[in-house]
Each structure stands twice: as C-alpha cells, then as structure tokens.
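Listed here are the chains, written in short residue letters.
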Amino acid sequence: MSSVLQGFTKSLAMTFVSEIGDKTFFAAAILAMRYPRRLVLAGCVSALIVMTILSATVGWAAPNLIPRKWTHHITTLLFFGFGLWSLWDGFKQGGGGGSEELAEVEAELDSDLKANGKATKDKVEDENKKQKRPFLTQFFSPIFLKAFSINFFGEFGDKSQLATIGLAADENPFGVILGGVLAQLLCTTAAVIGGKSLASQISERIVALSGGMLFIIFGIQSFLTSVET
C-alpha cells in the first residue's frame, strides 16, 4: 500500500507541475473557447489518460527487459536532467505570465483551423442532419477527435511522458497511473473551465522553476535510495 501511495503522490506532483503550463494546457483552454466544453474536456482528458497508461506500461515493462539496477540509475539521471532543464528554462524566461506561449499555441491552432476549417464544418453539419444518436456516440465527433489528437500527439516525446515512464519503472505503476490521471484531470478541467483568462495569468517561469526543483528532489531521493541498497 505504501508503494502505491508513494507512486501516486510523486506522479500527482510531477504531472501537475509539468502540465499546468504545458502546450496541451493552453490548447485545451483555447479549444474550450471555440467548441462545446464537454467535447473538448472529454477529448483532452481521454487522450491524456491513454498516454499516461501507455507511458506507465512502458515503464513497468522496462525492468523486465533491462536489469532493475540500470532502470533505477536511468530514472535518477532523468530526474536530474529534467530538473536542470526546467531550471534553465525558468531562469531564461521573464517574470510575466504565459501570454507568449499562449499566443504561440493559439497561432498554431488558428493555422490548423484555416487549413481544415471548411472540412470540419461540413462534417459537423452532416452530423447535425443525421438522426439523433445515443448520448455516448456524440463524443466521437470531429471536435472530440480534434481535441484528442492535439493532446495525444502533443504529449509524444514530451518531458512529462518520459518522466512518467521513468517513474513507473521505479515506483508502483498503478500508483503512478492514478496520480498521473488525477493530475491530468485537474489541469485539463482548470484549462477548459478557466479558459484563456486563466491560461494568460500562469507564470511560465514559476512553473518551470517549481518543476525543476521537484525533479531535482526526486532525483536526490532516487540517488539516496540506490546508495542505501
């Protein structure tokens, strides 16, 4: 039970500080301003849950392919590496909010919408013309798929995904999944409900520095564990 709780708390804290100012957070906020919130929330959360489970599964399988001693050392290096990376990003950034990152994500989404706007509009109109479907099937709309794909592919190779893999290799994967899913749900819900006004108030510098310090703490703890054993 203690191993599950430890994996849960580490994953919750790590995922929260990694995702609160991430591009997928800003994307969810912007999409929620343009489309029905329930579809955006369902698509974003579904994508992030699937990615969390996949990442934790890879981390859980790693010790079966590589000696646990090596996976532990790799995880320790990942924590220190991500910690220094985040601290460096934090020191480079100014003290303002997340307006620059928000504007960048908004520009990318606008570009995508201009290229695919007409096709998406036609699909939505076709769906509205069809006979009314059961409640669950409405989630599989173009809006749901757009929110899902943006968040799912946006997480590939992301720092939080790699950290989840490393954490699941070193901690109880079930706890890691629970903590990661809860953190993703909290962050995405805040983005969808708070929208652009909340996203613009987030300080990327504070988020980066907080995440960096948290990764460093996890790295020190992981290193001390390896020394004791």
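So, how was this worked out
- Residues numbered from 1 in each chain as written.
- Predicted model: local features only at pLDDT ≥ 70, side-chain atom pairs only at ≥ 80, totals over all residues.
- Heavy atoms only, no water.
- Helix = DSSP H or I, 4+ residues; strand = E, 2+ residues; numbered from the N terminus.
- Buried < 20%, exposed > 50% of the residue type's maximum accessible area, 1.4 Å probe, protein only.
- Contact = heavy atoms within 4.5 Å.
- Areas by Shrake-Rupley, 256 points an atom, 1.4 Å probe, with all protein chains shown as cover.
- UniProt positions renumbered as here; feature names shortened; annotations may be inferred.
- Phe/Tyr/Trp six-rings, centres within 6.5 Å; stacked < 30°, edge-to-face > 60°.
- Lys NZ or Arg CZ within 6 Å of the ring centre and 35° of its normal.
- Patch = residues over 30% accessible without salt bridge, like charges linked within 9 Å, V, L, I, M, F, W, Y side chains within 5 Å.
- Salt bridge = Lys/Arg side-chain N within 4 Å of Asp/Glu carboxyl O.
- pLDDT = per-residue confidence, 0-100.
- Axes fitted to C-alpha atoms, helices over the stretch in contact; angles between N-to-C directions.
- Parallel < 35°, antiparallel > 145°, perpendicular 65-115°, else oblique.
- Left-handed = near helix turned anticlockwise from the far one by under 90°.
- Nonpolar A, V, L, I, M, F, W, Y, C, P; charged D, E, K, R; others polar.
- 1 Å grid on protein atoms, 1.4 Å probe; cavity = no way out; pocket = protein on both sides within 12 Å on 5 of 7 lines; lining within 4 Å.
- Points joined across faces, edges and corners; volume = space filled by probe spheres on them.

**Let's talk about the overall build of the protein**
- For the protein, the helix and strand inventory stands at nine helices and zero strands.
- Element order for the protein, N to C, with α for helix and β for strand: α-α-α-α-α-α-α-α-α.
- Taking all 229 residues of the protein together, 44% fall into the buried category.
- Long-range pairs, those at least 24 residues apart, make up 93% of the contacts in the protein with a sequence separation of at least 6.
- Roughly 12,200 Å² of accessible area belongs to the protein as shown, and the carbon and sulfur atoms make up 67% of that amount.

**A closer look at the environment of Phe156**
- Position of Phe156 relative to the elements: it lies in the loop between helix 6 (142–155) and helix 7 (159–170).
- In the structure, Phe156 is positioned 105 residues away from Met51 in sequence and 8.2 Å away in space, judged by C-alpha atoms.
- In contact with Phe156, other than residues within four places in its own chain, are Met51 and Gln161.

**Quick notes on the side chain of Thr24**
- Along the chain, Thr24 falls in helix 2 (residues 23–34).
- In contact with Thr24, not counting residues within four places along its chain, are Glu19, Asn151, Gly154 and Glu155.

**Quick look at the UniProt feature "transmembrane region" (unreviewed entry) in the protein**
- Cross-referencing UniProt, the feature "transmembrane region" (unreviewed entry) maps to residues 39–58, 70–88, 135–154, 174–194 and 206–224 in the present numbering.
- Helix makes up 100% of residues 70–88 and strand 0%, and the two end C-alpha atoms of the span are 27 Å apart.
- Its end C-alpha atoms 27 Å apart, residues 206–224 is made of 100% helix and 0% strand.

**What to know about the packing of aromatic side chains**
- The tally for this structure, following the rule as stated, stands at 10 aromatic pairs.
- One Lys or Arg, Lys10, reaches over the ring of Phe218 and ends 5.4 Å from the middle of that ring.

**Here we look at a nonpolar patch on the surface**
- On the surface, a nonpolar cluster with roughly 310 Å² of combined accessible area is contributed by Phe16, Leu182, Leu185 and Leu186.
- In terms of residue count, helix 8 (residues 173–201) provides more of the nonpolar patch than any other element does, three residues in total.
- Here Leu185 is to be found in helix 8.
- For Leu185, a relative accessible area of 37% translates into the label partly exposed.

**Focus: the confidence of the model for the protein**
- In the predicted model, the protein carries a mean pLDDT of 80, and the fraction of residues at 70 or more is 79%.
- Model confidence for the protein, summarised as mean pLDDT per element, is weakest for helix 5 (residues 99–129) at 61 and strongest for helix 3 (residues 37–65) at 90.

**Comments concerning the packing of helix 3 against helix 7**
- The N-to-C vectors of helix 3 and helix 7 enclose an angle of 45 degrees; their axes lie 7 Å apart at closest approach. The angle between the axes of helix 3 and helix 7 places the two elements in the oblique class. Classified by chirality, the crossing of helix 7 by helix 3 is right-handed. Contacts from Met51, Thr52, Ser55, Ala56, Val58, Gly59, Trp60, Ala62 and Pro63 in helix 3 reach Gln161, Thr164, Ile165, Ala168 and Ala169 in helix 7.
- Its residues placed into classes, the contact of helix 3 with helix 7 shows nine nonpolar, five polar and no charged.

**So, the side chain of Ser160**
- Relative to the elements of secondary structure, Ser160 occurs in helix 7.
- Residues in contact with Ser160, not counting those within four places in the same chain, are Met14, Ser18, Glu19 and Glu155.

**A look at the packing of helix 3 against helix 6**
- Axis separation between helix 3 and helix 6 bottoms out at 7 Å; the angle between their running directions is 35 degrees. Between helix 3 and helix 6 lies a crossing whose hand is right-handed. Here Leu39, Val40, Ala42, Gly43, Cys44, Ser46, Ala47, Leu48, Val50, Met51 and Leu54 of helix 3 come into contact with helix 6, specifically with Ile143, Phe144, Ala147, Phe148, Asn151, Phe152 and Glu155.
- For the contact of helix 3 with helix 6, a count of residues per class yields 14 nonpolar, three polar and one charged.

**Comments concerning empty space enclosed by the protein**
- In total, this model carries two cavities of 30 Å³ or more according to the counting rule given.
- Within this model, the largest cavity holds a volume of roughly 70 Å³.
- What lines the largest cavity is simply Thr15, Glu19, Met51, Thr52, Ser55, Glu155, Ser160, Gln161, Thr164, Gly180 and Gln184.
- Those elements giving two or more residues to the lining of the largest cavity turn out to be helix 1 (2–19), helix 3, helix 7 and helix 8.
- Of the residues contributing to the lining of the largest cavity, the split by class is one nonpolar, eight polar and two charged.

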